[in-house]
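Below, each chain spelled out in residue letters.
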Amino acid sequence: MAKEKGIKELTDLPGIGPTTAEKLKELGYDNIEKIATAVPHELSDLVNLSVENAKKAIDAARQATTLEYDTGSAIYDKRKELGKIHTGSKELDELLGGGVETGAITEAYGKFASGKTQIGFQLSVNAQLPKSEGGLEGTVLFIDTEGTFRPERIESLAKHAGLDPAKALENIFVVRAHNSDQQLLAAERADKLIREKNVKLIVVDSLMALFRAEYMGRGSLNERQQKLNQHIHKLQQLADTYGLAVYITNQVMDNPGILFGDPTTPVGGNIVAHAATTRLYMRKSKEEKRIVKLVDSPNMPEGEAVIKITPNGIAG
Ligand code: ATP
Ligand code: MG
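Just so it is clear, the structure is predicted and the values come from calculations on it, not from any experiment.

Helix and strand counts for the protein chain stand at 14 helices and 15 strands. On the principal axes, the C-alpha backbone points of the protein chain span a range of 70 × 45 × 35 Å. A buried classification covers 45% of the 316 residues belonging to the protein chain. Working note: accessible area of the protein chain is about 16,300 Å², and carbon and sulfur atoms make up 51% of it. Across the protein chain, the 40 positively charged side chains and the 43 negatively charged ones have centroids separated by 3 Å.

As structure tokens, this is what we get:
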């Protein structure tokens, strides 16, 4: 959407002052597009605005919003430019069509010790590599909600990848979030860091742990989902705006509703399911082996890869 005539904020619309704008925002009408698609009676009922004035504001919002079209081939060209981060495993890269995609959210879910965090570490190192070696020559924002970030591990992985371990650690900006508000803020305030430090990967490990712990019981589930929605939306926006990759890990729960097949489902519900462009289900196999299943991808067939977690990082 593009805006014309300098109309950017709700208060730029005729008849809408700061108080009305604030009220509208609280009610979810937080951008010009929402006003443009509203009907006069609806707005007039909600805030102190006559139907006539509501109509004027809506008309102005409509004029200020135009739809821009991209042809399929233009999108294709843009997608070819998007980089991918190698995972360390050839098999997994192939399953993903070349690696973890930028401009999108990739989710790994699975039980404890299935390798979700290890992949996050490997991506944090690989994102720094030259493009010819499967990296993006960028830095990393690592949102650690479980206190499991391990510099020692990054050191080993960086050494093996041919990077200076000290520099590799300098290029990873870690936020230790102790509650879901800190987690939200870490993403909300990331724009400056991303621009100044050329962040090409955001890791959220894990997405749901704090939300799950804080919002127990059904009473507050709605509020939890609203906050989660806001968080995911911000992550998506960052991926889009800066062409970076977002990698999130997720916990699982046993879903007794599933009688046949694997009853393990990722937590977070539909909001997370819809936001993750690519979902990977990780399972333990023998010793260092892990099975990674591609569960949901817009352009790759479902399939499985076997990876290894070695002292040097992800392989296989
Ligand atoms: P959780 O849900 O508990 O966060 P996770 O899926 O994030 O689990 P990881 O921490 O990624 O699990 O994987 C842990 C596994 O990684 C260990 O069980 C071990 O097998 C392997 N691992 C960790 N460090 C090393 C190492 N230095 N060398 C070899 N393997 C290692
Ligand atoms: Mg973990």
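The rest of the description comes next.
Take the domain arrangement of the protein chain next. What the domain assignment lists for the protein chain is domain 1 (4–63) and domain 2 (82–315). One C-alpha centre belongs to domain 1, the other to domain 2; they are set 39 Å apart.

By the secondary structure assignment, Lys78 is in helix α5 (residues 72–81). Look at Lys78 and you get partly exposed, because its relative accessible area is 48%. When the C-alpha atoms of Lys78 and Gly316 are compared, they prove to be 30 Å apart, with 238 residues separating the residues in sequence. In this structure the side chain of Lys78 is engaged in a polar contact, spanning 3.2 Å, whose partner is the side chain of Asp70.

Two residues of an α-helix separated by three or four positions point the same way, owing to the 3.6 residues in each turn. Listed as buried for helix α10 (residues 180–188) are Ser180, Gln183, Leu184, Ala186 and Ala187. Down the axis, α10 shows its buried residues gathered within 155° of arc, on one side only. Buried residues belonging to α10 abut β6 (139–144), β7 (172–176), β8 (199–205), α12 (209–214) and α13 (221–242). Capping the start of α10 is the job of one residue whose side-chain oxygen sits 3.1 Å from the backbone nitrogen of Asp181: Asn179.

The subject of this paragraph is the site of ligand 1. In the region of ligand 1, 14 residues are neighbours, and Ala113, Gly115, Lys116, Thr117 and Gln118 sit closest. Contact between ligand 1 and Ser114: an oxygen atom at 3.2 Å from a main-chain N or O atom of the residue. At 3.3 Å from an oxygen atom of ligand 1 is found a side-chain nitrogen or oxygen belonging to Arg290. In the complex, the protein chains occlude 64% of the 650 Å² of accessible area that ligand 1 would expose alone. No other element matches the three residues that helix α7 (residues 116–126) contributes to the shell around ligand 1. Considering only residue class, the shell around ligand 1 consists of four nonpolar, five polar and five charged.

Moving on: unusual backbone geometry. Cis geometry marks the peptide bond from Asp205 to Ser206; its omega dihedral reads -5°. With respect to the helices and strands, the residue Ser206 is situated in the loop between β8 and α12. The phi dihedral of Glu137 falls on the positive side, at around 55°, and the residue is not glycine. Mapping Glu137 onto the fold places it in the loop between α7 and β6.

It is worth spelling out the nonpolar core at this point. By size, the foremost hydrophobic cluster in this structure holds 32 residues, and its most contacted members are Ile85, Leu92, Ile119, Leu123, Leu201, Tyr247 and Ile307. With four residues, α7 is the largest single contributor of residues to this core. Within the second largest apolar cluster, 28 residues are counted, among which are Leu184, Ala187, Val204 and Leu238.

Using the criterion set out here, one finds one cavity of 30 Å³ or more in the structure. Approximately 120 Å³ is the volume found for the largest cavity. Within the lining of the largest cavity, the residues separate by chemical class into four nonpolar, six polar and two charged.

What follows concerns the side chain of Gln128. Of note, Gln128 is situated in the loop between α7 and β6. In this structure Gln128 comes out as buried when scored by relative accessible area, which is 10%. Engagement of the side chain of Gln128 in a polar contact is seen with the backbone oxygen of Ala168, the distance being 3.0 Å. At 3.1 Å, the side chain of Gln128 and the side chain of Asn171 are in polar contact. Residue contacts for Gln128: discarding those within four places in its chain leaves Glu137, Gly138, Leu163, Lys167, Ala168, Asn171 and Ile172.

Conventions we followed
- Residues numbered from 1 in each chain as written.
- Chains lettered and ligands numbered in written order.
- Predicted model: local features only at pLDDT ≥ 70, side-chain atom pairs only at ≥ 80, totals over all residues.
- Heavy atoms only, no water.
- Helix = DSSP H or I, 4+ residues; strand = E, 2+ residues; numbered from the N terminus.
- Buried < 20%, exposed > 50% of the residue type's maximum accessible area, 1.4 Å probe, protein only.
- Areas by Shrake-Rupley, 256 points an atom, 1.4 Å probe, with all protein chains shown as cover.
- Lys, Arg positive; Asp, Glu negative; His and termini not counted.
- Charge placed at Lys NZ, Arg CZ, Asp CG, Glu CD.
- Domains from an automatic or database assignment.
- Polar contact = N/O pair within 3.5 Å; in protein donor to acceptor, adjacent residues only side chain to side chain.
- Arc of directions from axis to C-beta.
- Contact = heavy atoms within 4.5 Å.
- Near = heavy atom within 4 Å.
- Nonpolar A, V, L, I, M, F, W, Y, C, P; charged D, E, K, R; others polar.
- Core = buried A, V, L, I, M, F, W, Y, C linked by side-chain atoms within 4.5 Å.
- 1 Å grid on protein atoms, 1.4 Å probe; cavity = no way out; pocket = protein on both sides within 12 Å on 5 of 7 lines; lining within 4 Å.
- Points joined across faces, edges and corners; volume = space filled by probe spheres on them.

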